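# Coordinates in review
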Amino acid sequence: MAFNFGAPSGTSGTAAATAAPAGFGGLETANSTASGFNFGGFGLTANPAVNFNIGNFGVSTTSATPFNFGNSLASAGGFGGFGTTSTTAGSAFSFSAPTNTGTTALGGLFSQPTQAPTQSNQLINTASALSAPTLLGDERDAILAKWNQLQAFWGTGKGYFNNNIPPVEFTQENPFCRFKAVGYSCMPSNKDEDGLVVLVFNKKETEIRSQQQQLVESLHKVLGGNQTLTVNVEGTKTLPDDQTEVVIYVVERSPNGTSRRVPATTLYAHFEQANIKTQLQQLGVTLSMTRTELSPAQIKQLLQNPPAGVDPIIWEQAKVDNPDSEKLIPVPMVGFKELLRRLKVQDQMTKQHQTRLDIISEDISELQKNQTTSVAKIAQYKRKLMDLSHRTLQVLIKQEIQRKSGYAIQADEEQLRVQLDTIQGELNAPTQFKGRLNELMSQIRMQNHFGAVRSEERYYIDADLLREIKQHLKQQQEGLSHLISIIKDDLEDIKLVEHGLNETIHIRGGVFS
């Protein structure tokens, strides 16, 4: 953005060309032919007709007219430079717009200049200091104008322009300060009835947590030690520069047994009393503010009126670029101090988020371990359930056999027996399931044979299939045992028959002899 202020009404065109800078708005502005200025290598070239020295910066040229800013303006009350510090508002944000607007940055946005003539005079004086000062009445006024421009860009110092008018104070809120930006802050959603009040302590969070009970008792004493009031801590949060934010609320109990929270505005107004504020400062409180939501009227006023020193175009663009207009609100960032503060807050929040992510990661790992254990237990319970189901079925079978003992076979039972015989025949058929069982047995034998050679290979058989194989082999073994017992009985019968024949032959031989 570039600015170009014309010459005053009483100055001719030539005087304006020699006394005023040609292109106000950039540090690389070229000087007129009557003067020159070089400060810290900003690109303003010096004219050999002037010898200029500011402090110890060593900016000088060869000329017969030496000039020293510090001595020349000593009678005017001193000349503000980079060493001058500007007083700014507190660094914390408050969305409650308290009456004491000097403590909060966002609350100060609502205070707009109301005296139009004063503001107009200040603008005229600023324009005169930046474009055409008449302090010295010669070409040095052009150098002074550039120096005022530099101070205005930087946002600090005083702009001298007339011997009869006080100098203009350049703060970071002036419209020409270049070190400005617009950020966004989250709007609180708490209501006044929630009674939340923020106290910023100049102590570390660990110290606050270790002495939280003593802190609550001290705040209770600040409230007068009323037994119907109870101080509660909603939460604590670490802030930059070893500060801690403590959110409190006070509960008031009535004689009939009911209780309510003291409204935030009422509690804040009590804390802002002079004697109470002194007691809070003795406890280490550096700032107090309410945490309540903004009313629609306050939001509308804040968005419609740009803060002091912020370009309306930039403010409008900030409203357009708001990523979440329902939850975020634009706030100005003026100067490096405010930018550094927000950077520290962002770093602090990043650390808190990382800590929370670490906790969540640990919880997820623990849940994964619990899930693995639960899956194993579920599988174990399934096997146990199947085993109990088989045992229950066997008990039911025996019970049914006992119940049906002595009764004739019914038609449905005969049909069921036929179906079971058919299934048994299919199982024993060599080309169907029995062949598959034999193939599985062959694979098991091969695995046992090659297990020593290829120990790294492992084959697993499903538990149900293995149980079926065992049952089938058991049936085969029972069948073989039955056949062996039949053969043994037959052999006994054959021996008995053979023994009888031998005795018969022996008896007949004795008779004939």
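In the block above lies the structure referred to throughout.
These remarks concern the structure in this document. Every value quoted in this text rests on a predicted model; they were computed, and no experiment measured them.

The rules behind each value
- Residues numbered from 1 in each chain as written.
- Predicted model: local features only at pLDDT ≥ 70, side-chain atom pairs only at ≥ 80, totals over all residues.
- Heavy atoms only, no water.
- Helix = DSSP H or I, 4+ residues; strand = E, 2+ residues; numbered from the N terminus.
- Contact = heavy atoms within 4.5 Å.
- Areas by Shrake-Rupley, 256 points an atom, 1.4 Å probe, with all protein chains shown as cover.
- Buried < 20%, exposed > 50% of the residue type's maximum accessible area, 1.4 Å probe, protein only.
- Arc of directions from axis to C-beta.
- Phe/Tyr/Trp six-rings, centres within 6.5 Å; stacked < 30°, edge-to-face > 60°.
- Salt bridge = Lys/Arg side-chain N within 4 Å of Asp/Glu carboxyl O.

## Comments concerning the overall build of the protein chain
A tally of helices and strands in the protein chain yields 14 helices and 11 strands. Contacts spanning at least 24 positions in sequence make up 60% of the contacts within the protein chain whose residues lie at least 6 apart. Surface exposure of the protein chain reaches about 33200 Å², of which carbon and sulfur atoms provide 56%.

## Section: helix 7 (residues 264-271)
Within the span of helix 7, buried status applies to A264, L267, Y268 and F271. For helix 7, the angular spread of buried residues about the axis comes to 100 degrees, placing them on one side. Among the structural elements, strand 6 (197-201), helix 6 (212-222), strand 8 (243-253), helix 8 (274-282) and strand 10 (285-290) are those in contact with the buried residues of helix 7.

## As for the packing of aromatic side chains
Evaluated as defined, the whole model comprises 3 aromatic pairs. Judged by centre distance (6.4 Å) and plane angle (45 degrees), the ring pair of W154 and F336 falls under tilted. In this pair, W154 is assigned in helix 4 (residues 140-154) and F336 in helix 11 (residues 335-404), connecting sequence segments 182 residues apart. When its relative accessible area of 38% is taken as the criterion, W154 is described as partly exposed. What makes F336 partly exposed here is its relative accessible area of 47%.

## Observations concerning the pattern of salt bridges
By the definition in use, this model includes 14 salt bridges. A salt bridge links E252 to R260; the nearest nitrogen and oxygen atoms lie 3.1 Å apart. For R417, the salt bridge identified is with E414, shortest N-O distance 2.3 Å. Of this pair, R417 and E414 are both found in helix 12 (residues 411-428), 3 residues apart, which corresponds to roughly one turn of the helix. Three or more residues joined by partner-sharing salt bridges are found here, namely K237, E245 and R291.

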